[in-house]
Amino acid sequence: MKWLTGLGALLMVAVGGVGGMWYAWGRDLPSVSDLDVLEFSGKTRVYDRTGTLIGTLTPSLDSAGGVNRNLVPLSRIAAPLQKAVITSEDRRFFEHHGVDYIGITRGLLKGLLRNDLEGGSSITQQVVKNTLLSDLQGARTPERKFKEAVLAYQLDRNYDKQKILNAYLNIVYWGDGGRSDIIGAGTAAHAYFRKDASELNLAESVYLATIIPAPNRRYKDFRAYRPLMKDLLSRMVEDGRVTQAQANEAWKTPIYPAGWRIGWNADGTIRSAVLERPGRLQENINLFEAQDTPRYAYQHYLQAVEKELVPLIGRKALYGGGRIVTGMSVAAQQAAEQASLDAQVPDGATLGIALVSPQNGEVMALVGQKLTGGRASDWDNATQARRQVGSSIKPLLYTLALQKGWKQSDTVLDSPLSGDYQPQNYDGRWTGRYVTMRYSLDHSLNLPTVRIGQELGVPTFEAKLRDLGLTPPAEGGLSLTIGTLEASPLQMASAYAAFANGGLYYAPSVVRRVEDGRGQVLYARPAPTPKRVWDAQTAWLGLDMLRGVVNDLSESQGGLATRALIPGWPVGGKTGTTNDIKDLWFAGVTPTVAGAVWVGKQAGGALPPWAYSGEVPTPVWQQAVAGALQGQAATTFQEPAGITYRTVRRVDMAFRVSEADQDPVARDGSGQGGGFFTRRRTPVPAPTPEPAPEPVQESVTPEPEPVTQEPAVITPEEAPTVDPVPAPGLIDTAPPADQVPPQDSGADTDGAGLIDAAPPEALPTDPVPAQPDSGDTGTATDPGLVTDPLQDPLPPEALPTDPSAQPDNEIPPLN
């Protein structure tokens, strides 16, 4: 009786354990119906906003190794390959009910003896692991094994063995072809033997089956793994799947996997085997995909359609035939794809492009990779990537300041901060001067920007970013103000669109309507509901500053975004570059298109030093947006009421009527700014004179270690004389002469880092190019150009002391 009591207790513990696992892991299992895509033929037609057919949706299977869009029905996969894979991977496939308990027992023993939970998975379990549970990334955990077993049992009950085998043969990872992973039997047959899966003979099929466990290693050593083929043939004979005669014949059949030169003897042994061209795998894949080139037109946009609709209508309805109307503009999509094809990016770099309509948030175009003419990677940088945005975040901060009552003409101190956080301007220099907000954004100065963030408060800025559909990093601190935010091009395009539509944020959307094969509406997008993030006047003031970045400085004067100009159209935008030149950005707006372009390496890493955001992503943006606007009548941004203009330091700036004639306020980040007569001087530190340092590159951290700052290159002879009482109407931006530390003026041979600090007669008449924009992600690396770009200096008696002065003809009046 005692043993019965003990057995009962064990059973209760087992039941309790299973119940506990179900409570913890079994309530949120994915649906096995997601694997029914093999039943559908991809006849769902997709149209753009004008009713132009842009493609059909082809069912795919997401695998742990990638996405297979070359699904092959079982009837088109050679029977020898089916038999070889079953014997190799799951000999009891047709006998068990999704879970091979004998195999599991073997796997458990292996786990106890070798501390390895892997082993014993059936074909059904592998289908589950590589599709429905691919988010667990094959982790060897009890949770994954439990979910795998439950779903395998469900899958076996809902689908016959042939369908499960078909799914498996379409998601098997068969190696790295180079640019493309080899996923599924269809691609593997073409990659390794340059033939359809239906044409594989027994010898070729056995070869493919034997390399499944470790395809990359086994492909590269044909001779070492040749004996596995003989062993597999013997087991196939034991299982009754081939005869001994067929096995003998297959053993003697010469095969030539792509890239191999093999000498065969008549008895099936090898005389020689040399891997000459492993790149032949990718060449064969390219030839295979070239047959279906139209299938990959607008690839990333169609992927976005699938991603948006699967949660709304399910895969069965999505691939069951019917009609989908999207917000795509064919003209914009084609222009973006051509811009990607033409893009001059550094070796090893790729890109992402997103264009949206400011009027309703519809996505007009998506390109997720640097296109080369063949099929692109399925990874979509336009929507999936999250990269640090660098200085392209600054217009959002400056506009927040405008919302809080600041003016473009207000000035901010350009000097090192107190405290542990010590960002720098791009060239590591500072001037100790108060510069206008407009000037600071035009030149992408970091020190004034961080001071703006200090005064506004990081939590206030974070809240605004969330309103704009962005997600600030935890513990970002002040580094958030100069670019530690991570976002996708689509997110940045949607955030910038609020500048062009009067301050409204629309969540981006791809699909307008879905109908089934009978014309019944399955889904209709609700009318886009905007969120007001800026009042109309604030949005216009921010737009005016954005237009200044593009228009205030010519290229010879160091303009950061001049290459974004589109003839006949008003354009505003901002560049951005992150530490070590890892990410290059341009985000911008026109009246009818907002967009963003990111350029960088897929796996991360630095780009070459010559790669600047004004020269790499900006022309890509310009080409894509100009193409999207082609054929449209040029329009202007809609200016709201209550806006007027004043010329400040020869720059036409927009103001609220109520603020236009107020004195500029000088600020140092302390939150105690005042008017002209109330401005406090902030002493400038005077470090030991040394040659100006090279820009400092550091790892991205919210609060980096203090960095010693160097002053601007201002010699004692050039130090300005400061009048005790400034003349009315001018902002005294120069520190006392004794607060400007002398330095070796020869440290900066190109003039970058100088400010209009010389006496009037020493004012340079030739513009000095700005350093390229290099937005900071923790240690500021943005351009610190502080030279006056005047070509025709003012007379000495009228010379302004603010370096923001510009010629009257530098900026066309806003439309």
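Keep in mind that this is a model prediction, so the values were computed, not measured.

A. The overall build of the chain, seen in detail. The number of helices and strands found in the chain is 21 helices and 25 strands. For the chain, with 815 residues in total, the buried portion stands at 58%. A separation threshold of at least 6 residues defines the contact pool for the chain, and within that pool the share at least 24 residues apart is 73%.

B. Geometry of the packing of aromatic side chains. A full pass over the atoms with the stated rule returns eleven aromatic pairs. With 5.0 Å between their ring centres and 70 degrees between their planes, phenylalanine 93 and phenylalanine 94 make a pair best called edge-to-face. A centroid spacing of 6.2 Å and a plane angle of 70 degrees characterise the contact between tyrosine 192 and tyrosine 207, whose relative ring orientation is edge-to-face. In this pair, tyrosine 192 sits in helix α7 (residues 184-193) while tyrosine 207 sits in helix α8 (residues 202-211), placing the two residues 15 residues apart along the sequence. Tyrosine 192 sits in the buried class, given a relative accessible area of 2%. Here the aromatic cluster, defined as three or more aromatic residues joined through ring pairs, consists of Tyr192, Phe193, Tyr207, Tyr219, Phe222, Trp260 and Trp264. Just above the ring of phenylalanine 93 sits the side chain of lysine 161; from NZ or CZ to the centre is 4.9 Å. Over the aromatic face of tryptophan 406 sits the side chain of arginine 667, whose NZ or CZ is 3.9 Å from the ring centroid.

C. The sheet that holds strand β11 (residues 363-367), seen in detail. Taken in spatial order, the five strands make up an open sheet running β11-β10-β22-β21-β20, and their pairing is antiparallel. A strand with exactly one partner marks an edge of an open sheet, and here the two such strands are β11 and β20 (572-577). Geometrically, the sheet is characterised by an average inter-axis angle of 10 degrees between neighbouring strands, direction not taken into account. As paired strands, strand β10 (residues 349-356) and β11 are joined by four bridges and run antiparallel to one another. Paired with valine 356 across the strands is valine 363, a residue of β11. This element, helix α14 (residues 330-342), spans β10 and β11 of the sheet and lies at about 25 degrees to β11.

D. Fine view of helix α2 (residues 79-89). Buried residues of α2: Leu81, Gln82, Ala84, Val85, Ile86, Thr87 and Glu89, and no others. Those residues of α2 hidden inside the fold are in contact with α4 (123-130), α6 (161-171), α7, α8 and α10 (222-238).

E. A look at the pattern of salt bridges. Going through the model one piece at a time under the given rule, you end up with 23 salt bridges. A salt bridge links aspartate 516 to arginine 518, with the nearest nitrogen and oxygen atoms 3.5 Å apart. When its relative accessible area of 15% is taken as the criterion, aspartate 516 is described as buried. Overlapping salt bridges bring together Arg49, Glu362, Arg512 and Arg525 as one network.

F. Highlighting the side chain of threonine 326. Assignment of secondary structure puts threonine 326 in strand β9 (residues 322-326). For threonine 326, a relative accessible area of 0% gives the class buried. Of note is the side chain of threonine 326, whose polar atom sits 2.9 Å from the backbone oxygen of tyrosine 47. For threonine 326, the residues in contact, after removing those within four places along its chain, are Val46, Tyr47, Asp48, Arg49, Ile54, Tyr301, Val305, Val510, Val511 and Arg512.

G. Structural context of the nonpolar core. Grouped together as the largest cluster of nonpolar side chains are 116 residues, with contacts concentrated most on Leu309, Ile324, Leu355, Met437, Ile452 and Leu470. Broken down by element, this core gets its largest block of residues, nine residues, from helix α19 (residues 489-500). By size, the runner-up hydrophobic cluster in this structure holds 64 residues, among which are Ala78, Trp174, Met229 and Val242.

H. Geometry of the pairing of strand β22 (residues 594-601). The buried fraction of β22 amounts to seven of the eight residues, a majority that puts the element mostly inside the structure. Pairing of β10 with β22, which is carried by eight bridges, proceeds in the antiparallel orientation. The partner of valine 356 across the bridge, within β22, is alanine 594. Judged from the seven bridges that link them, strand β21 (residues 583-589) and β22 form a sheet pairing that is antiparallel. Looking at β22, one finds that valine 589 is bridged to alanine 594. Where β21 hands over to β22, the hairpin turn is made up of four residues, counted between the paired strands.

I. How the structure looks around the environment of arginine 241. Structurally, the position occupied by arginine 241 is in the loop between α10 and α11 (244-252). Exposure remark for arginine 241: the relative accessible area of 16% places this residue in the buried category. For the pair arginine 241 and isoleucine 86, spaced 155 residues apart in sequence, the C-alpha to C-alpha distance is 9.7 Å. Setting aside anything within four residues of it in sequence, one finds arginine 241 in contact with Lys83, Ile86, Thr87, Arg91, Phe94 and Met236.

J. How the structure looks around the environment of proline 526. Along the chain, proline 526 falls in the loop between β18 (521-524) and β19 (531-532). Residues proline 526 and arginine 512, spaced 14 residues apart in sequence, show a C-alpha to C-alpha distance of 8.4 Å.

K. How the structure looks around the sheet that holds strand β25 (residues 666-667). Ordered in space as β14-β13-β25, the three strands form an open sheet in which the pairing is mixed. Among the strands making up the open sheet, the edge pair consists of β14 (433-436) and β25. Summarising the sheet, strand β13 (residues 411-414) and β14 pair through four bridges and their orientation is antiparallel. Paired with leucine 413 across the strands is tyrosine 434, a residue of β14. Against the sheet, helix α17 (residues 446-456) makes contact with β13, β14 and β25, and its axis sits at roughly 120 degrees relative to β13, the strand it touches most.

L. Local environment of unusual backbone geometry. Phi is positive for arginine 194, close to 55 degrees, though the residue is something other than glycine. For arginine 194, the position within the fold is in the loop between α7 and α8.

M. Main features of the packing of α14 against helix α21 (residues 617-629). Look at α14 against α21: their axes get within 7 Å of each other, and the N-to-C directions meet at 155 degrees. Here α14 is positioned roughly antiparallel relative to α21, judged by the angle of their axes. Where α14 crosses over α21, the two elements pack in a sense that is right-handed. Of the residues in α21, those in contact with Ala331, Ala332, Ala335, Ala336, Gln338, Ala339 and Asp342 of α14 are Val620, Gln623, Ala624, Gly627 and Ala628. Looking at the contact of α14 with α21, its residues break down into eight nonpolar, three polar and one charged.

N. Broad picture of α11. Of all the positions in α11, only Ala247, Ala250 and Trp251 are classed as buried. Considered in projection along α11, the buried side chains sweep an arc of 100 degrees and stay on one side of the axis. Exposed residues on α11 whose side chains face more than 90 degrees from its buried face are Ala245 and Glu249. On its buried face, α11 is in contact with α8 and α10.

O. Representation of the packing of α10 against α11 in the model. Relative to each other, α10 and α11 sit at 165 degrees, their axes nearing to 9 Å. Judged on the interaxial angle alone, α11 and α10 are roughly antiparallel. The chirality of how α10 crosses α11 is right-handed. Mapping the contact onto sequence places Arg226, Met229, Lys230, Leu233 and Val237 in α10 and Gln244, Ala247, Ala250 and Trp251 in α11.

P. Highlighting the confidence of the model for the chain. When pLDDT is averaged along the chain, the result is 79, and 72% of the positions lie at 70 or above. Below pLDDT 50 for its whole length, residues 13-18 participates in zero contacts with residues either more than four positions away or in separate chains. Here residues 674-815 is modelled with pLDDT under 50, and outside its nearest four sequence neighbours on either side it reaches 370 contacts, counting other chains as well.

Q. Local environment of the side chain of aspartate 380. For aspartate 380, the location among the structural elements is in the loop between β11 and β12 (387-388). In this structure, aspartate 380 is buried with no salt-bridge partner, the nearest side chain bearing the opposite charge being lysine 307 at 7.6 Å. Within the structure, the side chain of aspartate 380 is placed 2.9 Å from the backbone nitrogen of alanine 382, a separation counted as a polar contact. Within the structure, aspartate 380 has its side chain in polar contact with the side chain of threonine 383 (distance 3.0 Å). The residues contacting aspartate 380, other than those within four sequence positions of it, are His300, Val367, Gly368 and Ala385.

Calculation notes
- Residues numbered from 1 in each chain as written.
- Predicted model: local features only at pLDDT ≥ 70, side-chain atom pairs only at ≥ 80, totals over all residues.
- Heavy atoms only, no water.
- Helix = DSSP H or I, 4+ residues; strand = E, 2+ residues; numbered from the N terminus.
- Buried < 20%, exposed > 50% of the residue type's maximum accessible area, 1.4 Å probe, protein only.
- Contact = heavy atoms within 4.5 Å.
- Phe/Tyr/Trp six-rings, centres within 6.5 Å; stacked < 30°, edge-to-face > 60°.
- Lys NZ or Arg CZ within 6 Å of the ring centre and 35° of its normal.
- Pairing = 2+ DSSP bridges.
- Axes fitted to C-alpha atoms, helices over the stretch in contact; angles between N-to-C directions.
- Salt bridge = Lys/Arg side-chain N within 4 Å of Asp/Glu carboxyl O.
- Polar contact = N/O pair within 3.5 Å; in protein donor to acceptor, adjacent residues only side chain to side chain.
- Core = buried A, V, L, I, M, F, W, Y, C linked by side-chain atoms within 4.5 Å.
- Parallel < 35°, antiparallel > 145°, perpendicular 65-115°, else oblique.
- Left-handed = near helix turned anticlockwise from the far one by under 90°.
- Nonpolar A, V, L, I, M, F, W, Y, C, P; charged D, E, K, R; others polar.
- Arc of directions from axis to C-beta.
- pLDDT = per-residue confidence, 0-100.
- Lys, Arg positive; Asp, Glu negative; His and termini not counted.

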